[in-house]
Amino acid sequence: MRALAISALVGAVALTGCTTDPATGQTSVNKTAVGTILGAAAGYGISKSNANTSRQNNRAALIGAVVGGAGGYVLDQREKKLREQLAGSGVSVDRNPDGSIGLVMPGNITFATNDATINPNFYATLNTVAQQLNDGQVAVVVSGYTDSSGNDSINIPLSQRRAQAVAQYLVGKGVPTNRINAQGYGSANPIADNTTSSGKAQNRRVELNIYAAS
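Cut-offs used in this document
- Residue numbers here run from 1 along each chain, matching the order of that chain's written sequence.
- Only residues with pLDDT of at least 70 get local features here, since the model is predicted, and only at 80 or more are side-chain atom pairs given and counted; chain-wide, interface and lining totals rely on the full set of residues.
- Side-chain numbers come from the whole structure's heavy atoms, not from hydrogens or water.
- Runs of H or I in DSSP of at least four residues are treated as helices and runs of E of at least two as strands, each being numbered from the N terminus.
- Exposure categories follow from relative accessible area, calculated using a 1.4 Å probe and restricted to protein chains: below 20% of the type maximum is buried, above 50% is exposed, and the middle band is partly exposed.
- Every case where a carboxyl oxygen of Asp or Glu lies within 4 Å of a side-chain nitrogen of Lys or Arg is listed as a salt bridge.
- When checking whether two residues touch, look at their non-hydrogen atoms; a contact exists if any pair is within 4.5 Å.
- Two strands pair if DSSP finds at least two bridges between them.
- Between N-to-C directions, angles cover 0 to 180 degrees, with each direction set by a line fitted to C-alpha atoms, over the stretch in contact for helices.

(A) Quick peek at unusual backbone geometry. One non-glycine residue, N114, lies in positive phi territory at about 60°. Along the polypeptide, N114 turns up in the loop between helix 5 (107–110) and helix 6 (123–131). Positive phi is not limited to glycine here, since N189 has a value of about 55°. Judged by its relative accessible area of 46%, N189 is partly exposed.

(B) Quick look at the pattern of salt bridges. In total, this model carries 6 salt bridges according to the counting rule given. One salt bridge connects E79 with R95, and the closest N-O pair in it is separated by 2.6 Å. Taken together, the residues span a long stretch of sequence, with E79 in helix 4 (residues 72–85) and R95 in strand 3 (residues 92–95) at a distance of 16 residues. By relative accessible area, which is 31% here, R95 ends up partly exposed. Among the salt bridges present, the one from D147 reaches R204, with a minimum N-O distance of 2.5 Å. Of this pair, D147 sits in the loop between strand 5 (138–145) and helix 7 (152–172) while R204 is found in the loop between helix 8 (197–203) and strand 7 (205–212), placing the two residues 57 residues apart along the sequence.

(C) Local environment of helix 6. All of the buried residues along helix 6 are T125, L126, T128, V129 and A130. On its buried face, helix 6 sits against helix 4, strand 4 (101–106), helix 7 and strand 7.

(D) Geometry of the sheet that holds strand 6 (residues 180–184). Ordered in space as 3-4-7-5-6, the 5 strands form an open sheet in which the pairing is mixed. On the outer flanks of this sheet lie strand 3 and strand 6, each paired with one strand and no other. Adjacent strand axes in the sheet meet at a mean angle of 20° when their direction is disregarded. Alignment of strand 4 against strand 7, held across 6 bridges, turns out to be antiparallel. Residue pairing for strand 7: V104 is matched across the bridge by E207.

Such coordinate-based values are descriptive only and should not be taken to indicate function.
Listed below in structure tokens is the structure:
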């Protein structure tokens, strides 16, 4: 039944997401619809992988659909403000291939080694980020990462605690709890060479992916 519900959602979006150019007859897929499909699938998949209940799975799929929907103007404005306000903070601001805004917060400015307590010097930066996220128009996925030192039994819980610490701080500054999700991935998805100290430093990070939410 859960798979049927998701299939129905995907099918409905797919049917309404295609447009035909009257001049050429060429059919194209609306990017908003694609985002909704991917969001729904991702929300359901993550929920199921965490062994949640049927109700939680369906809720996660619906949240994923909301997150997946495109909102270019909203994100354009947030990206501009974040770039201006975070200049010189050490946090990078980029636009991801899926259209979301990506913030990368290096571990050396956010947490002490092997610790999940946010550095007080980083509070001001997180306060700035929270101001752009607390009106309910965007949804945020917080992802924690470590370098390859140690093993998953240590790295995944540590990265989870760090992601949750950032998410909880942002919630405390007004970001709606139903618009934010935190997940730790340990040493997965490295962005630099783990065989060098500088590469490991880059891989120790917390990422925020910001999506438009309808």
